[in-house]
Amino acid sequence: MALLGARPRLLAVGEPTHGSEALLAARNELFRELVEQEGYTTIALESDCLMGLIVDDHVTSGTGTLDEVMARGFSHEWGAYAGNRALVSWMRDHNEARPASGRVRFAGFDGPLEITAAASPRQALTALHTYLAGRVDAALLPCTAQTLGDLLGADDRWTHPAAMRDPSQSAGRTAEARELRILADDLVTLLDLQAPHLIAASTPDEWERAHLHARTAAGLLRYHSAMADESPGRLARICALRDLMMANNLRALAERGPTLVYAHNSHLQRDRSSMNMGGEQIEWWSAGALAGDDYAFLATAIGTLRDHGVEAPPPGTVEATLDRAVVDPRELAADRLVPRVSPWYGYAPLDPAGLSRVDGILYVKDA
């Protein structure tokens, strides 16, 4: 915190690879210290924002067993990692004897998206409609729940994995999908128009979750539309829309209170992200570039990752110059450093060219 100068509402800690238990253990220790010493109240992970509500209910009120929560509360198979299980267990124990105002919270900030598919917008749309239908005059609603159900149809028409590579397999630009986008916009607008009444008629959590469902419904319908796009910019737009959903969720979490954000460096950096997909090099603005001003980014660097053939860093690379856990990037002579080349596709070394837009480096010698 001395390095940052002031406590940011969003403290983002990136990781250069997924699945390292050593990195998850370091994250857990950091979160505990931020809660106990700096007043942080939420941790947000690169996981499905709707599934994350299951975890939040467990850590705040004990809903469900730990096994159930780990199985149903995480996307991308993150629930299988021991470090994530230890995090949830600690949060529940921490909250056990505390009043609601003193409890720590959990959030997923990714959209309901997997590598090869996107979720149906059903859950988010119907939850938003149900919230509004219980609190405003029926005449104000743009449609009935039955109309939404008829337009949504079977969920498997939305989640078809072939749609990621083949736009013709996507339901995102059908007549029903276009109508759903209009209705979603009408529902979101109604949420804003009736804000004074709805705030009075809701608990803070109900109001916050209504907005989460609104953001997610609109975001998913945009994402599905992009999946049906046949233009050359299709893949870049899909990736950009995912990070926009992430950024929108982060801005909402910042309003709740100081939050530790944990995801891949590429999502949290302030630079454009890039990826080679199917032989095509694509670029888009990352969530960190869109998250707002009260944001700090610490990039994690690792020395070795021996299980994947990543041995000691070559001289002249960022990782070879690091010798302590927390490093001010301004101390490094970035213009004299060279990029490290990873022998494994799943690990992304730090690029010296981006150090000027990093607030700090967390160094784990052996992951």
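Higher on the page you've got the structure.
Residues numbered from 1 in each chain as written. Predicted model: local features only at pLDDT ≥ 70, side-chain atom pairs only at ≥ 80, totals over all residues. Heavy atoms only, no water.

**Student:** I would appreciate a short explanation of the overall build of the protein chain in the present structure.
**Tutor:** Assigned secondary structure in the protein chain consists of 13 helices and nine strands. Taking 367 residues into account, the globule formula puts the C-alpha radius of gyration at 21 Å, and the protein chain, at 21 Å, falls close to it. Judged by the C-alpha coordinates and their principal axes, the protein chain covers about 70 × 55 × 35 Å. Per-residue burial over the protein chain gives 50% buried out of 367 residues. Excluding contacts between residues fewer than 6 apart, the proportion of contacts in the protein chain whose partners are at least 24 apart in sequence is 74%. With 34 positive and 49 negative side-chain charges, the protein chain shows a spacing of 2 Å between the two charge centroids. (Helix = DSSP H or I, 4+ residues; strand = E, 2+ residues; numbered from the N terminus. Rg over C-alpha atoms; globule rule 2.2 N^0.38 Å. Buried < 20%, exposed > 50% of the residue type's maximum accessible area, 1.4 Å probe, protein only. Contact = heavy atoms within 4.5 Å. Lys, Arg positive; Asp, Glu negative; His and termini not counted. Charge placed at Lys NZ, Arg CZ, Asp CG, Glu CD.)

**Student:** Would you mind going over the packing of aromatic side chains with me for this structure?
**Tutor:** Aromatic ring pairs are described here by two measures, namely the spacing of the ring centres and the angle between the planes. Counting across every chain of the model gives four aromatic pairs. The ring of Tyr262 carries Arg27 above its face, with NZ or CZ at 5.2 Å from the centroid. Against the face of Trp285 rests Arg272, its NZ or CZ located 5.1 Å from the ring centre. (Phe/Tyr/Trp six-rings, centres within 6.5 Å; stacked < 30°, edge-to-face > 60°. Lys NZ or Arg CZ within 6 Å of the ring centre and 35° of its normal.)

**Student:** What is the right way to look at the packing of helix α2 (residues 52-61) against helix α9 (residues 204-227) in this model?
**Tutor:** Helix-helix packing is described using two parameters, namely the angle between the two axes and the distance between the axes. Orientation of α2 relative to α9, taken along the N-to-C sense of each, is 165°, at an axis distance of 13 Å. Viewed along their axes, α2 and α9 adopt a mutual orientation that is roughly antiparallel. The way α2 lies across α9 gives a crossing that is right-handed. Between α2 and α9, the contacting residues are Leu53, Asp56 and Asp57 on the first element and Arg209, Leu212 and His213 on the second. Here the residues of the contact of α2 with α9 are counted per class, giving two nonpolar, one polar and three charged. (Axes fitted to C-alpha atoms, helices over the stretch in contact; angles between N-to-C directions. Parallel < 35°, antiparallel > 145°, perpendicular 65-115°, else oblique. Left-handed = near helix turned anticlockwise from the far one by under 90°. Nonpolar A, V, L, I, M, F, W, Y, C, P; charged D, E, K, R; others polar.)

**Student:** Please explain the pairing of strand β9 (residues 360-366) as it appears in this structure.
**Tutor:** Consecutive residues of a regular strand have side chains that alternate between opposite faces of the sheet. Judged by how many residues are buried, β9 sits mostly within the fold: five of seven residues are covered. As defined by bridge partners, strand β7 (residues 295-304) adjoins β9 across six bridges and the pair is classed as parallel. Residue pairing in the sheet places Ala301 in a bridge with Tyr363 of β9. Inspection of the sheet shows strand β8 (residues 326-327) paired to β9 by two bridges, in the antiparallel sense. Across the sheet, Val327 pairs through a bridge with Ile361, a residue of β9. (Pairing = 2+ DSSP bridges.)

**Student:** Would you explain the state of the cysteines in this entry?
**Tutor:** Two cysteines joined by a covalent bond between their sulfur atoms form a disulfide. Evaluated as defined, the whole model comprises zero disulfides. Of the cysteine sulfurs around Cys49, a residue in no disulfide, the closest is that of Cys239, at 17 Å. For Cys49, a relative accessible area of 3% puts it in the buried group. (Disulfide = S-S within 2.5 Å.)

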